[in-house]
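Okay, here's what each chain looks like letter by letter:
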Amino acid sequence: MKKDIHPNYRDVVFYDTSSEFKFMTKSTIETSETTEWTDGKTYPVYKIEVSSESHPFYTGKKMLLDTAGRVEKFNKRYAKK
């Protein structure tokens with residue numbers, strides 16, 4: 001295999017900001033933030049808004065996640081004048 005053409009494949013902690021849930025998996029995603037995992041080691045962390053812990057399909061709960069005000073932005077942009 002050629003050297004220096006493949007991304008860095010490593011353990012990354014994904015942090016669901018809406019439910020405070022963290023899980024670790026392998027990924028090539030680049031991030032500048034780190035966090036300490038339960039084993040005491042430090043890993044890169046990537047923040048996400050929806051995971052299996054907060055998605056209505058998996059939880060069975062209906063919840064509206066509009067963290068960025070996307071609906072309001074859409075309505076304001078395309079409102080009839």
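Scoring rules and cut-offs
- Just so you know, the residues in each chain are numbered from 1, in the order the chain's sequence is written.
- The model is predicted, so local features are restricted to residues of pLDDT at least 70 and side-chain atom pairs to those at 80 or more, both for listing and for counting; the totals for chains, interfaces and linings are taken over all residues.
- Heavy atoms throughout the structure, all of them, feed into the side-chain values; hydrogens and water do not.
- Paired strands, as defined in this entry, are two strands with at least two bridges between them according to DSSP.
- Secondary structure follows DSSP: runs of H or I at least 4 residues long count as helices, runs of E at least 2 residues long count as strands, and numbering of each begins at the N terminus.
- The predictor reports its confidence for every residue as pLDDT, a score running from 0 up to 100.
- Pairs were defined over the aromatic rings of Phe, Tyr and Trp, the Trp ring being its six-membered one, requiring ring centres within 6.5 Å. Orientation was assigned from the angle between planes: stacked under 30 degrees, edge-to-face over 60, tilted for the rest.
- The classification of residues rests on relative accessible area computed with a 1.4 Å probe and restricted to protein chains. Under 20% of the type maximum is buried, over 50% is exposed, and intermediate values are partly exposed.
- To sit over a ring, a charge needs its Lys NZ or Arg CZ within 6 Å of the ring centre and within 35 degrees of the ring normal.

### A look at the pairing of strand 2 (residues 21–27)
Now for step 1: Inspection of the sheet shows strand 1 (residues 10–16) paired to strand 2 by 7 bridges, in the antiparallel sense. By the bridge assignment for strand 2, Val13 is matched with Met24.
Now for step 2: Following strand 1, the chain reverses through 4 residues before pairing antiparallel with strand 2; Glu20 in that reversal takes a positive phi of roughly 60 degrees.

### Focus: the confidence of the model for the protein
Now for step 1: Residues with a pLDDT of 70 or more make up 80% of the protein, whose mean pLDDT is 83.
Now for step 2: Within the protein, helix 1 (residues 56–59) has the poorest average pLDDT of any element, 61, and strand 3 (residues 34–36) the best, 94.

### Considerations on the packing of aromatic side chains
Now for step 1: Across all of its chains, the model carries 4 aromatic pairs by this definition.
Now for step 2: Plain terms: the ring middles of Phe14 and Phe23 are 5.6 Å apart, the flat faces sit at 15 degrees to each other, and that makes the pair stacked.
Now for step 3: Ring centres of Phe74 and Tyr78 lie 5.0 Å apart, and the angle between their planes is 50 degrees; on these two criteria the pair is classed as tilted. As far as burial versus exposure is concerned, Phe74 and Tyr78 are alike and both exposed.
Now for step 4: An aromatic cluster is built from Phe14, Phe21, Phe23 and Tyr46, whose rings are joined through pairwise contacts.
Now for step 5: Over the ring of Tyr15 we find Lys22, and its NZ or CZ is 5.4 Å from the ring centre.

### With respect to the pairing of strand 1
Now for step 1: Judged by how many residues are buried, strand 1 sits mostly within the fold: 6 of 7 residues are covered.
Now for step 2: Relative to strand 4 (residues 42–48), strand 1 runs parallel, the two sharing 4 bridges. Note on strand 4: the bridge partner recorded for Phe14 is Tyr46.

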